[in-house]
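Coordinate analysis (summary)
As a plain string of letters, each chain reads:
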Amino acid sequence: MTGQLHRHDVAVLPVGWSERNLPSEAGGTWSPALSPDGRHTAYVSDRGGVPQAWVQPVGSELTFLVGTGEHPVTAVQWSTGGGWLACQLAPGGAPRHEVWLVRPDGSALHQVAGFGADTADNMRWLPGRSLLAVTENLTRALVIDPVTGERRILFEDELVSLFDVDPDFSRALIRRGPRGARHIAVRDLATGVEEYVTSGEEAVFGPDGSIWALSDAGEFRVLLHVVDGVPEVVASSPTAEVEAFALTADGGRAAVLWNVRGGTSRVTVLPGETEVPLPGWVVGGLSWSTDGSALAFAAEGPGQPNGTWVWTSSAGVEPVSADPAAPGAVRPTLVTLPAHDGLTLTGWLFRPPGAGPHPAVLWFHGGPEAQERPGHGPLFQSLVDRGIAVFAPNVRGSSGFGRTFVNADNGVLRYDAIRDVESCVDHLVATGVTEPGRVGVMGRSYGGYLTLAALVTYPSLFAVGIDVCGMSNFATFYEHTEPWIAAAAVSKYGDPVTDEALLRDLSPITHIDRLRTPLLIVHGENDSNVPVIEAEQVAAALTARGVEHRYLLFRDEGHELLHRHSRAEYLRETVDWLTRHLRA
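Summary of the structure given here. (Residues numbered from 1 in each chain as written. Predicted model: local features only at pLDDT ≥ 70, side-chain atom pairs only at ≥ 80, totals over all residues. Heavy atoms only, no water.)

**A few points about a nonpolar patch on the surface**
Rules: Surface patches are drawn from residues lacking salt bridges whose relative accessible area is over 30%; two like charges belong together within 9 Å, two nonpolar side chains (Val, Leu, Ile, Met, Phe, Trp, Tyr) within 5 Å. Each accessible area is a Shrake-Rupley estimate made with a 1.4 Å probe; only the visible protein chains count as cover when residues are assessed. For this analysis, a salt bridge means a side-chain nitrogen from Lys or Arg found within 4 Å of a carboxyl oxygen belonging to Asp or Glu. Helix and strand assignments follow DSSP, with helices taken as H or I runs no shorter than four residues and strands as E runs no shorter than two, numbered in order from the N terminus. The cut-offs for exposure are 20% and 50% of the maximum accessible area for each residue type, with area from a 1.4 Å probe on protein chains only; residues under the lower value are buried, those over the upper are exposed, and the others partly exposed.
A cluster of nonpolar side chains, namely Val412, Leu413 and Tyr415, defines an oily patch on the protein surface of about 250 Å² accessible area. One can find tyrosine 415 in helix 3 (residues 414–430). Looking at tyrosine 415, the relative accessible area reads 32%, which means it is partly exposed.

Have a look at this one:
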């Protein structure tokens with residue numbers, strides 16, 4: 001584009017867009033759920049181009065599609081009695097969710113939650129009962145009977161999520177509070193009185209009425225077992241976090257998922273600390289069969305899409321639906337570096353062959369309370385194939401490194417998180433990975449915000465940028481996002497009224513006149529988490545200032561690109577954009 005100062009293209013990509021034989025960013029299979037006897041597994045797979053629910057016998061290659069309509073499926077769970085699958089759907093690809101029930105043979109499909117503008121999340125079959133617990137809008141806790149269709153609203157309140165209900169419906173186990181300040185409580189359903197359990201995000205009742213809870217009250221998350229109000233730490237480490245857990249229906253065993261070494265996984269089974277051999281670097285979606293005979297999980301790694309696996313004490317780990325890693329996939333190395341204030345940061349470095357220096361791209365994850373982990377990354381592999389190094393850091397605010405670290409970017413501390421971007425570039429240059437003038441920056445969601453913030457803070461540091469559904473203006477974000485998202489975000493970003501001046505200064509749109517780096521803007525048309533107005537403001541401002549950019553808008557997609565054809569086109573466009581500007 002020599003001599004062209006302004007470029008403003010809007011590419012609207014409809015459903016059915018041809019992949020043109022491009023490599024597709026396959027999601028693989030995830031969200032495994034075992035039948036009560038452990039002989040069949042339900043899971044979500046995008047093998048047909050859009051995420052759908054499938055059922056497969058363990059040990060067989062036969063697969064059965066469970067039809068749930070045109071909308072992408074994001075999660076599936078098998079009922080305690082085995083007669084139903086609960087499927088979470090994302091209409092139009094938006095973050096708003098619906099819950100539908102269907103028989104495993106595909107019959108009796110019907111919607112039970114997330115009607116109209118409501119969103120339904122945190123679905124869970126209650127142990128020993130074919131009743132489904134669901135939370136709508138982070139305000140309404142309800143239990144659904146799949147046979148009668150009765151929706152029993154237990155209570156309504158602000159920023160709550162339902163975990164479990166005891167058999168006589170006298171107590172509910174809930175989570176309450178905004179991001180970064182959530183706690184677990186037991187609620188008396190007759191009086192509404194709540195008893196604090198611990199600071200944390202996940203909990204269930206044991207069959208004896210005790211409580212199993214993932215607690216972040218200390219520096220690193222631990223697993224608690226609370227009996228008669230007395231907590232006992234049953235899984236902890238001074239250097240690793242308990243990421244998740246799954247309890248068998250009889251309470252006899254608990255599978256514990258650990259986050260270790262900057263983002264790799266480890267799974268143990270209590271009691272006895274039995275180690276589960278893992279077929280991938282990163283694991284998620286732990287799920288026991290009702291009889292406790294088998295544990296299902298999803299696993300992925302560099303160049304290895306998510307696959308579903310089953311572990312039993314007798315047979316070990318067996319694949320259900322899984323593909324091997326791509327031949328020649330680059331395995332990243334874990335890098336440690338100091339921030340400007342001495343705080344230790346880490347990140348995963350994907351490096352092309354040769355001594356370098358190479359052109360390089362920084363990638364920032366969303367959240368910010370998420371974590372960059374060494375999972376399946378077609379974008380990273382494609383860039384390394386073209387001689388471009390990729391560094392995916394976990395700047396302050398990321399999870400997996402303790403309570404202090406995840407809260408180190410709250411409110412006014414966000415300026416330090418933006419300075420972490422410069423520290424990452426300094427490290428890559430100092431270690432010979434790259435050289436000044438050959439570095440790009442990109443990220444998704446909060447990572448898109450951080451990309452924009454870095455581009456306006458350090459206008460001459462980067463040769464190219466890509467903003468994927470990032471926030472550009474906190475005022476419009478709070479105004480247009482879903483109400484429950486806005487309410488939960490205040491503790492992380494700041495209050496849109498009392499912190500108005502801070503949020504205005506932290507908004508990239510306030511300083512957009514400093515941005516002169518060629519920028520690719522990517523957004524889903526139906527995104528109601530970070531609404532599309534965030535992208536439109538940036539595109540309009542760059543148009544007015546004659547800054548080179550491209551605006552890529554995906555129809556029928558929301559905050560996530562759920563269709564494989566969309567991800568394939570996104571992959572091609574981002575690789576082309578980065579290659580053109582970094583290898584020119």
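**As for the sheet that holds strand 7 (residues 85–89)**
Keep this limit in mind: When DSSP finds two or more bridges between two strands, those strands count as paired. Axis definition: a line fitted to C-alpha atoms, limited for helices to the stretch in contact. Angles are taken between N-to-C directions and run from 0 to 180 degrees.
As summarised here, the arrangement of the four strands in space is 6-7-8-9, forming an open sheet in which the pairing is antiparallel. The open sheet has two free edges, formed respectively by strand 6 (73–78) and strand 9 (110–113), since each of these has just one partner strand. The sheet shows a mean angle of 30° between the axes of neighbouring strands, direction not considered. Taken together, the five bridges between strand 6 and strand 7 define a ladder with antiparallel strand orientation. If you follow tryptophan 78 over to strand 7, its bridge partner there is leucine 85.

**A few points about the environment of valine 256**
This is how it is decided: In what follows, residue pairs with any heavy atoms lying within 4.5 Å of each other are defined as contacts.
If you trace the backbone, valine 256 turns up in strand 22 (residues 254–260). For valine 256, a relative accessible area of 0% puts it in the buried group. The spacing of valine 256 and alanine 190 is 66 residues in sequence and 33 Å in space, taken between C-alpha atoms. Valine 256 has contacts with Leu223, Ala235, Val242, Ala244, Arg266, Val267, Thr268, Leu270 and Leu286, leaving out every residue within four places of it along the chain.

**Things to note about the pattern of salt bridges**
Pairs may arise between side chains of opposite charge once their charged atoms sit close together. The full count for this structure, using the stated rule, is 29 salt bridges. Here aspartate 216 makes a salt bridge to arginine 403, at a shortest N to O gap of 3.4 Å. Residue aspartate 216 is found in the loop between strand 18 (211–215) and strand 19 (222–227), and its partner arginine 403 is found in helix 2 (residues 403–406); the two are separated by 187 residues along the sequence. Residues joined in a network through salt bridges with shared partners are Asp118, Glu136, Arg140, Arg151 and Glu156.

**Remarks on the pairing of strand 20 (residues 230–235)**
Pairing of strand 19 with strand 20, which is carried by five bridges, proceeds in the antiparallel orientation. Across the sheet, valine 226 pairs through a bridge with proline 231, a residue of strand 20. Between strand 19 and strand 20, which pair antiparallel in sequence order, lie two residues; one of them, aspartate 228, sits at a positive phi of approximately 55°.

**Here's the deal with the sheet that holds strand 23 (residues 264–270)**
If you walk across this open sheet you meet the four strands as 21-22-23-24, and the pairing is antiparallel. Only two strands of the sheet have a single partner each, and these edge strands are strand 21 (241–247) and strand 24 (274–276). Strand-to-strand twist in this sheet, taken as the mean axis angle between neighbours without regard to direction, amounts to 30°. Here strand 21 runs beside strand 22; their pairing, made up of six bridges, is antiparallel. Bridging across to strand 22, phenylalanine 245 finds its partner in valine 256.

**Re helix 6 (residues 483–493)**
When we look at burial in helix 6, the residues that qualify are Trp484, Ile485, Ala486, Ala488, Ala489, Lys492 and Tyr493. Taken together, the buried residues of helix 6 touch helix 2, helix 3, helix 4 (446–457), helix 5 (474–480) and helix 7 (500–506).

**Some remarks on unusual backbone geometry**
The residue after glycine 356, namely proline 357, is reached through a cis peptide bond having omega 5°. Among the secondary structure elements, proline 357 is positioned in the loop between strand 30 (344–350) and strand 31 (360–364). The peptide bond linking glycine 367 to proline 368 adopts the cis configuration, its omega dihedral lying at 5°. Looking at the element boundaries, proline 368 is found in the loop between strand 31 and helix 1 (378–385).

**A few points about the environment of histidine 365**
To keep it simple, the criterion reads: We call two N or O atoms a polar contact when they sit within 3.5 Å, provided that within protein one can donate a hydrogen and the other can accept it, with sequence-adjacent residues counted only if both atoms are side-chain atoms.
Position of histidine 365 relative to the elements: it lies in the loop between strand 31 and helix 1. Residues histidine 365 and arginine 444, 79 residues apart in the sequence, show an inter-C-alpha distance of 5.9 Å. The contacts of histidine 365, once residues within four sequence positions are left out, are Ala370, Gln371, Glu372, Pro393, Asn394, Ser398, Arg444, Tyr446 and Gly447. In this structure the side chain of histidine 365 is engaged in a polar contact, spanning 3.2 Å, whose partner is the side chain of asparagine 394.

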